[in-house]
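Examination of the molecular architecture
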Amino acid sequence: STNRSSTYSPPRTHAALPVHPAAVARRVFAQMLEAGAPPSEATITSLGRVVAADGEGADEAFGLVSTMRQKDGIALRLRSYSPVLAVIRRAREAGKASAVEALMAASAVSQEEPELAALLEVSAKVRDTDKVYEYMHKLWRAIGCVIEETAKVLEGRFRIETAATAHKPEWDVCQVKDALVANGGGCHQLGWLQTGPWMVQRVRAGADDK
């Protein structure tokens, strides 16, 4: 008898006609579904990464994670949503970014720095100052310091015109003082209160966050 594994060779593709990885992944995934093979979290994550790398796959990547969770009840993990947020970040699709955040919350999946930075950058680019404020505080609560890429996102947000003009038309001084006390001082978490230019300054942290 012949050992099939020793004689197997992968199908050849013409060098002049390269097959896009996303197209191959879609075809394999479709064949799995046609064969009745149930998709898993790992399958969805792998396909999502390939589709997200396509550059124009925001709609498809979003549809993939939303459909598989809602229709098939697959418990997705942080790694499943990260590539979707990455491609949505590049496409500046704020609506889809919020929808992905809602899906993550429904799955009890918490965002980490890369995901929060993506959400913050998309919100800043579409001038959604309330969302920017929300994600900045989530970053502040989740981590002690940020990496270089996130620092650039934060600096970029404070350099745009809306950073200096975003404010609450009316706010109560007593409420702000009470919020500062309730939050331990330093931060009221009530939103952008006054207008004016920002001064952004970096502080480098060592290995021990000091």
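Just so we're clear, the structure is a prediction, and the values are computed from it rather than from any experiment. (Residues numbered from 1 in each chain as written. Predicted model: local features only at pLDDT ≥ 70, side-chain atom pairs only at ≥ 80, totals over all residues. Heavy atoms only, no water.)

1. Brief notes about the pattern of salt bridges
Quick note on the threshold: A pair is scored as a salt bridge if a Lys or Arg side-chain nitrogen falls within 4 Å of a carboxyl oxygen belonging to Asp or Glu. Only DSSP runs of H or I with at least four residues qualify as helices, and only runs of E with at least two residues qualify as strands; both kinds are numbered from the N terminus onward. Summary of the burial criterion: residues with accessible area below 20% of their type's maximum are buried, those above 50% are exposed, and those between are partly exposed, where the area comes from a 1.4 Å probe applied to protein chains only.
This structure, assessed with the given rule, holds 14 salt bridges. For E134, the salt bridge identified is with K131, shortest N-O distance 3.3 Å. Here E134 and its partner K131 are both found in helix α8 (residues 129-142), 3 residues apart, which amounts to about one turn of the helix. With a shortest N-O distance of 2.7 Å, E148 and R202 are connected by a salt bridge. Within this pair, whereas E148 is found in helix α9 (residues 148-159), its partner R202 is found in the segment after α11 (173-182), the two being separated by 54 residues in sequence. A relative accessible area of 39% means that E148 is categorised as partly exposed. Exposure remark for R202: the relative accessible area of 35% places this residue in the partly exposed category.

2. Digging into the packing of aromatic side chains
Rule in force here: Put simply, two rings from Phe, Tyr or Trp (the six-membered ring, in Trp's case) pair if the centres are within 6.5 Å, and we call them stacked under 30 degrees between planes, edge-to-face over 60, tilted for the rest. Criterion for a charge above a ring: Arg CZ or Lys NZ at most 6 Å from the ring centre, at most 35 degrees from the ring normal.
A full pass over the atoms with the stated rule returns 4 aromatic pairs. With a centroid separation of 4.9 Å and 80° between ring planes, the pair formed by Y133 and W192 is classed as edge-to-face. One end of the pair, Y133, is in helix α8; the other, W192, is in the segment after α11, and 59 residues separate them in sequence. Among the residues examined, Y133 registers a relative accessible area of 11% and is labelled buried. Taken together, a centroid distance of 4.9 Å and an interplanar angle of 55° make the contact between F158 and W198 tilted. You can see F158 sitting in helix α9 and its partner W198 sitting in the segment after α11, a full 40 residues away along the chain. The structure contains a cluster of three or more aromatic residues connected by ring pairs, namely Y133, F158, W192 and W198. Cation over ring: R157 sits above F158, and NZ or CZ is 5.1 Å from the ring centre. Looking at R157, its charged tip hangs above the ring of W192, at a distance of 4.6 Å from the centre.

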